Amino acid sequence: MYRSAFVLVNQRWEEPVPTAKPFCIAKRMVWEAYKRVKANQGAAGVDEESLADFEANLTNNLYKLWNRLASGSYFPPPVRTVLIPKRDGGQRALGIPTVSDRIAQTVVAMVLEPVLEPQFHPDSYGYRPGKSAIQALGVARQRCWRSDWVLDLDIKGFFDNLDHSLLLRALRKHTACPWVLLYVTRWLQALVQEQDGTLIQRGQGVPQGGCISPVLANLFLHYAFDAWMQREHPSIPFERYADDIIAHCQSEVQARWLQARIATRLAQCHLALHPTKTHIVYCKDVDRRGTFPQERFDFLGYTFRPRRSKNRRGEYFINFTPAVSARATKAMRQTIRSWRLHLRSDKTLDDLSRMFNPILRGWVQYYGQYYKSALYATFRVLDRILVKWAMRKYKKLKGHQRRATHWLGRIAQRQPRLFVHWQMGVRPAAGR
């Protein structure tokens, strides 16, 4: 029996003979989906097959996946559950699909994205091409200056409680493609493997970690929140990044009224606001008098609160503006300490900069967009650890912290581009 296998020629997939299948899914789409999955990397699923293992027999693995997708015989394997700590002390369940399942999900996502993207609200920023968290932060910052109050919304267990029937109804508004609807339904019904190996049938929700989940979550919240706000409250601006939402109000009364309206709307969609994590916030600044119990909120790793700022004339004033959150700086410091730099005496300073500058650069590029000086204390922790490294590596500096600090400071003066944070001016003090 002839098998129309994928043939890799000059890094392109060729299809020697057309093959009749119930569903018209191009092999090229499977190849493009694989490239996306490869770029994102990711852990192994329930089959313990890593991306490298999958690539060891790439041609056959991609062919088998395409064949099952195109014939309608693809059934997703269980999703492996990984628990990660939440900021409130609880745990969040992440779902890790297998490599082949991630590729299959990406195929469907590639079909849905161009159909759904034009329908989504401009103030929905999460997991969308051309949109970013930094854009959402910038818009939120401007609107906090124009509106005195913020309604900081937290949807209780959104990914765990998303209603399947409502989601599929929303999906059918935008596509009648039978295989897209078939496979989305199968993914929603896929088993979940708990950490102890127990298999659970999921009746609601989508696993965080799946490639298709962000598209489905955005579609659900588009109808549950975005389109409803645009229709019912067009004068109230908001920013939404996945299920992280803030709305801007002109008064406390309006904020409380809107909170009640949103709670009712979410209940209609079988969701609920978290009772202790949803807050009304007063955007206090130099011109806004009075006090309010809540004068700060966190959004996308930043804390918005009153801060001392300098205007163009060099005058200081109180401004309601974002800076890296305490939770984010704590996580960065924990990461820095986990590197155990002071024990890497086999490495040179150049080695350390090459190893860790990519991470430092990512932090600066994201958390340094607004109120960059809030990062300085975290980077001084890194410099103190580098001083310990120098004391351990060089005998002449052993036991002499002040001398080691000055030694490192002189290097920072000569080579300010060696570490990313030195380029910001955060450097050890140089002495003679």
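Provided above is the structure to which this section pertains.
Residues numbered from 1 in each chain as written. Predicted model: local features only at pLDDT ≥ 70, side-chain atom pairs only at ≥ 80, totals over all residues. Heavy atoms only, no water.

**Q** Run through the overall build of the chain, naming residues and quoting values.
**A** Scanning the chain from N- to C-terminus turns up 15 helices and 13 strands. Principal-axis analysis of the C-alpha atoms gives the chain an extent of 80 × 60 × 40 Å. Each of the 432 residues in the chain was classed as buried or not, and the buried ones make up 48%. Element-wise, carbon and sulfur atoms account for 49% of the exposed surface of the chain, whose accessible area totals about 21800 Å². (Helix = DSSP H or I, 4+ residues; strand = E, 2+ residues; numbered from the N terminus. Buried < 20%, exposed > 50% of the residue type's maximum accessible area, 1.4 Å probe, protein only. Areas by Shrake-Rupley, 256 points an atom, 1.4 Å probe, with all protein chains shown as cover.)

**Q** Could you give me a rundown of the sheet that holds strand β10 (residues 279-282), with the residues and numbers involved?
**A** Sheet architecture is open: four strands sit in the order β8-β9-β5-β10, paired in antiparallel fashion. Because the sheet does not close on itself, it has two edges, and the strands there are β8 (238-241) and β10. Ignoring strand direction, the axes of neighbouring strands in this sheet form an average angle of 15°. Together, β5 (149-154), β9 (244-249) and β10 form the strand contacts of helix α10 (residues 252-268), whose direction differs from that of β5 by roughly 20°. (Pairing = 2+ DSSP bridges. Axes fitted to C-alpha atoms, helices over the stretch in contact; angles between N-to-C directions. Contact = heavy atoms within 4.5 Å.)

**Q** I'd love a proper account of the nonpolar core, names of residues and values included.
**A** Ranked by internal contacts, the top residues of the largest apolar core, which has 74 residues, are Ile103, Val108, Phe158, Trp179, Phe220 and Ile262. The element that contributes the greatest number of residues to this core is helix α9 (residues 213-232), accounting for 10 residues. Those residues in contact with valine 108 that sit more than four places away from it in its chain are Trp179, Val180, Tyr183, Val184, Trp187 and Ile212. Core analysis: the second largest hydrophobic core is formed by 54 residues, Phe299, Phe304, Val324 and Trp389 among them. (Core = buried A, V, L, I, M, F, W, Y, C linked by side-chain atoms within 4.5 Å.)

**Q** I'd like a rundown of empty space enclosed by the protein, residues and numbers included.
**A** Considering all chains together, one arrives at two cavities of 30 Å³ or more under this definition. Estimates place the volume of the largest cavity at around 80 Å³. Considering the residues around the largest cavity, the lining is formed by 13 residues, among which Gln105, Trp187, Arg202, Pro207 and Ile212 are closest to the centre. At the level of elements, α8 (178-189) and α9 are the ones that each hand at least two residues to the lining of the largest cavity. Top element by residues in the lining of the largest cavity is α8. It accounts for three residues. Split by residue class, the lining of the largest cavity holds nine nonpolar, three polar and one charged. (1 Å grid on protein atoms, 1.4 Å probe; cavity = no way out; pocket = protein on both sides within 12 Å on 5 of 7 lines; lining within 4 Å. Points joined across faces, edges and corners; volume = space filled by probe spheres on them. Nonpolar A, V, L, I, M, F, W, Y, C, P; charged D, E, K, R; others polar.)

**Q** Any details on a positive patch on the surface? Residues and values, ideally.
**A** There is a patch of like positive charges on the surface, built from Arg337, Arg380, Arg384 and Lys388. Of the residues forming the positive patch, the biggest block, three residues, is contributed by helix α13 (residues 376-393). Looking at the element boundaries, arginine 380 is found in helix α13. (Patch = residues over 30% accessible without salt bridge, like charges linked within 9 Å, V, L, I, M, F, W, Y side chains within 5 Å. Salt bridge = Lys/Arg side-chain N within 4 Å of Asp/Glu carboxyl O. Lys, Arg positive; Asp, Glu negative; His and termini not counted. Charge placed at Lys NZ, Arg CZ, Asp CG, Glu CD.)

**Q** Lay out the sheet that holds strand β6 (residues 191-193) in plain terms, naming residues and giving numbers.
**A** Spatially, the four strands line up as an open sheet ordered β4-β3-β6-β7, and their pairing is mixed. The open sheet has two free edges, formed respectively by β4 (91-96) and β7 (199-201), since each of these has just one partner strand. Strand-to-strand twist across the sheet, computed as the mean angle between neighbouring axes with direction ignored, equals 40°. Two elements, strand β3 (residues 79-85) and β6, share two bridges in a ladder whose sense is parallel. Note that in β6 the partner of arginine 80 across the bridge is glutamine 193.

**Q** Which residues make up the side chain of glutamate 117, and what values go with them?
**A** Within the secondary structure, glutamate 117 sits in the loop between α4 (99-116) and α5 (133-146). A polar contact is formed between the side chain of glutamate 117 and the side chain of arginine 128, at a distance of 3.0 Å. With residues up to four places along the chain from it excluded, the contact list for glutamate 117 reads Arg128 and Pro129. (Polar contact = N/O pair within 3.5 Å; in protein donor to acceptor, adjacent residues only side chain to side chain.)

**Q** Tell me about the pattern of salt bridges, and name the residues and values.
**A** This model, assessed by the stated rule, comprises 16 salt bridges. Arginine 256 is the partner of glutamate 252 in a salt bridge, and the nearest nitrogen-oxygen pair spans 3.0 Å. Within this pair, glutamate 252 and its partner arginine 256 are both found in helix α10, separated by four residues, close to a single helical turn. Looking at arginine 256, the relative accessible area reads 46%, which means it is partly exposed.

**Q** How would you summarise helix α3 (residues 58-71) if you had to cite specific residues and measurements?
**A** The terminal C-alpha atoms of α3, which comprises 14 residues, lie 20 Å apart, in line with the 20 Å expected from a rise of 1.5 Å per residue. Taken together, the buried positions of α3 are occupied by Leu58, Asn61, Leu62, Tyr63, Leu65, Trp66, Leu69 and Ala70. Just downstream of α3 lies glycine 72, where phi reads positive at about 80°. (Expected span 1.5 Å × (residues − 1).)

**Q** Tell me about unusual backbone geometry, and please be specific about residues and values.
**A** One non-glycine residue, glutamate 48, adopts positive backbone phi at about 60°. Judged by relative accessible area, glutamate 48 falls into the exposed class, the value being 65%. For alanine 242, which is not glycine, the phi torsion reads 55° and is therefore positive. With respect to the element layout, alanine 242 can be found in the loop between β8 and β9.

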